[in-house]
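Residues per chain are reported as follows:
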Amino acid sequence: MLIDARGRACPEPVLMTKRALDSNSQGIEVLVDNITARENIRRFADNLGYQIIVDKKGEDYLLKLFK
Amino acid sequence: MKAKSLVILAGAIVGISAIILTLYGNPANMGFCIACFIRDTAGGLRMHNAGVVQYIRPEIIGLVLGSFIVALAGKEFSPRAGSAPASRFVLGFFMMIGALMFLGCPLRMMLRIGGGDMNAIVGLVGFTAGILAGIGFLNKGFSFKRAYKISKADGYIFPAIQVAMLVLLLGTPALLAFSEEGPGSMHAPVAFALVGGLVVGAAAQKSRFCTAGGIRDAFLLKDLTLLIGFISVILVVLIGNLALGSFHFGFEGQPVAHSDGVWNFLGMALVGLAAVLLGGCPLRQLILSGEGNIDSVITVVGMLIGAAFSHNFGLASSAQGPMFNGQIAVVIGFVAVAAIGFLNLQGRPEKGDA
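Please read all numbers here as calculations on a predicted model, not as lab measurements.

A.B. asks: Mind showing me how you'd approach the overall build of chain B here?
C.D. replies: Counting secondary structure elements, chain B contains 14 helices and two strands. The C-alpha radius of gyration of chain B comes to 19 Å, within 12% of the 20 Å expected for a compact globule of 354 residues. With respect to the three principal axes, the spread of C-alpha positions in chain B is 55 × 45 × 45 Å. Of the contacts made within chain B by residues no fewer than 6 positions apart, 82% connect residues no fewer than 24 positions apart. Positive and negative side-chain charges in chain B, numbering 22 and 15 respectively, have mean positions lying 10 Å apart.

A.B. asks: What am I meant to see in the overall build of chain A here?
C.D. replies: A count of helices and strands for chain A gives two helices and four strands. At 10 Å, chain A has a C-alpha radius of gyration in line with the 11 Å of a compact globule built from 67 residues. With respect to the three principal axes, the spread of C-alpha positions in chain A is 25 × 20 × 20 Å. Counting every position in chain A, which comprises 67 residues, the buried fraction comes to 54%. Sequence-distant contacts in chain A: of pairs separated by 6 or more residues, those separated by 24 or more amount to 56%. Chain A carries 11 positive and 10 negative side-chain charges, and their two centres are separated by 3 Å.

A.B. asks: How should the interface of chain B and chain A be read in this particular structure?
C.D. replies: One frequently used descriptor of interface size is the decrease in accessible area upon assembly of the parts. Listed by partner, the interface residues are 28 residues for chain B and 25 residues for chain A. Taken over both partners, the interface formed by chain B and chain A buries close to 2,200 Å², and the fraction arising from carbon and sulfur atoms is 48%. The tally of links from chain B across to chain A stands at five salt bridges. Across the pair Lys149(B) and Asp60(A) runs a salt bridge, and its minimum N-O distance is 3.7 Å.

A.B. asks: Is there a simple way to explain a nonpolar patch on the surface in this structure?
C.D. replies: All names here are of chain B. There is a patch of nonpolar side chains on the surface, built from Ile-16, Ile-20, Leu-23, Tyr-24, Phe-192 and Leu-244 and spanning about 570 Å² of accessible area. The greatest single-element share of the nonpolar patch, amounting to three residues, is contributed by helix H1 (residues 2-23). With respect to the helices and strands, Phe-192 occurs in helix H8 (residues 190-207).

A.B. asks: Could you clarify how one ought to interpret the environment of Ser17(B) in this entry?
C.D. replies: All names here are of chain B. Within the secondary structure layout, Ser-17 lies in helix H1. Classification of Ser-17 by relative accessible area gives buried; the value is 12%. Distance in space between the C-alpha atoms of Ser-17 and Val-200 is 7.5 Å, their sequence separation being 183 residues. Setting aside residues up to four positions removed in sequence, Ser-17 forms contacts with Phe-32 and Val-200. Among the polar contacts made by the side chain of Ser-17, one reaches the main-chain carbonyl oxygen of Ile-13 at a distance of 2.6 Å.

A.B. asks: Quick question: what am I supposed to make of the confidence of the model for chain B here?
C.D. replies: In low-pLDDT segments, the atomic positions of the prediction should not be examined closely. Predicted confidence across chain B gives a mean pLDDT of 96, with 98% of residues reaching 70 or more. Low confidence marks residues 350-354 of chain B, where pLDDT is under 50. Its contacts with residues over four positions away, or in another chain, come to 11 contacts.

Definitions and cut-offs
Residues numbered from 1 in each chain as written. Chains lettered and ligands numbered in written order. Predicted model: local features only at pLDDT ≥ 70, side-chain atom pairs only at ≥ 80, totals over all residues. Heavy atoms only, no water. Helix = DSSP H or I, 4+ residues; strand = E, 2+ residues; numbered from the N terminus. Rg over C-alpha atoms; globule rule 2.2 N^0.38 Å. Contact = heavy atoms within 4.5 Å. Lys, Arg positive; Asp, Glu negative; His and termini not counted. Charge placed at Lys NZ, Arg CZ, Asp CG, Glu CD. Buried < 20%, exposed > 50% of the residue type's maximum accessible area, 1.4 Å probe, protein only. Buried area = accessible area lost by both parts, 1.4 Å probe. Salt bridge = Lys/Arg side-chain N within 4 Å of Asp/Glu carboxyl O. Patch = residues over 30% accessible without salt bridge, like charges linked within 9 Å, V, L, I, M, F, W, Y side chains within 5 Å. Areas by Shrake-Rupley, 256 points an atom, 1.4 Å probe, with all protein chains shown as cover. Polar contact = N/O pair within 3.5 Å; in protein donor to acceptor, adjacent residues only side chain to side chain. pLDDT = per-residue confidence, 0-100.

Set out below in structure tokens:
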């Protein structure tokens, strides 16, 4: 499942990630367009024990969260 | 761990800069105050005629430019706009009304706590209550929806305006208003204030320091990172004030403050609620403006107009206490901000893709 959190103000990208993980606990992908959101989601994923891989897609970042 | 160290460092830089600026002339417990300084700048530009609060504050110029420079260098300068700009204007307006009821933005609230002003603890309780109400809206699905990328050139406008303000301040002071008494007349030398703003702006951009974000994240995400920065500022200022003999514990006779608990609480509650819906406190809005976030620029303009209204219509408190008109304005503010909150509930986003 892919969450598009581009253009969202703080703390929405993290909240969207949280809600998506609630229903897809195995893992999700999140698309963000700024470093603040990328780092906030990385920290959030770390705290929940998820692995995270970051791919740069043009000016955006695709974050892959998985257990 | 890196994020935590960065935010502790940023907090320390904010605290030390605030102590130095106060030492060199800024009003007590007002090394930085985003609301007060935007209000002073509105006065300096003759947008209001309150003689005691008129001075273009170089700290504001520095904060925006510091963020702008560091964002450019770090490839984080990314102009965007289009996330509910008119609503953000209104939230910025009432965030200022709330702050001038209390007499300070959340940052000054922290500096006041570090100076022993217990009225600011009452403000903190109100601020926290406002943030919790804001979290209620977030949990119910509040969203201003997304912003979109816009031309780079548009992002340069607000930093360019800051340069223009500096040119006005240094080059054509005869055009501007300058307080001869009161808080507006008390200020550190321009160079100190400008450098203080630049350094804090840079640190805040790098660390994402946000006075509302700390309490919000602690409750909403159980993430204490930003809250550690919040505590770091208060501790550094507390130590600085104790060392310099400028710590004065109590409620009465505090500098540029009043002791009406109910309205200190309500003023900061309005700020906290508006800040959560906006996604950042007044300081954070300035920092985002420097990064090219035009929605934040609109918010700052809302704050500027709110400050002018505050003093043109007798809304802002003074050391004697709140004004009746200000109390009405704060109540209207709660109604307006809550209405914006309810009107932007997007339905409960079950899968996070609303």
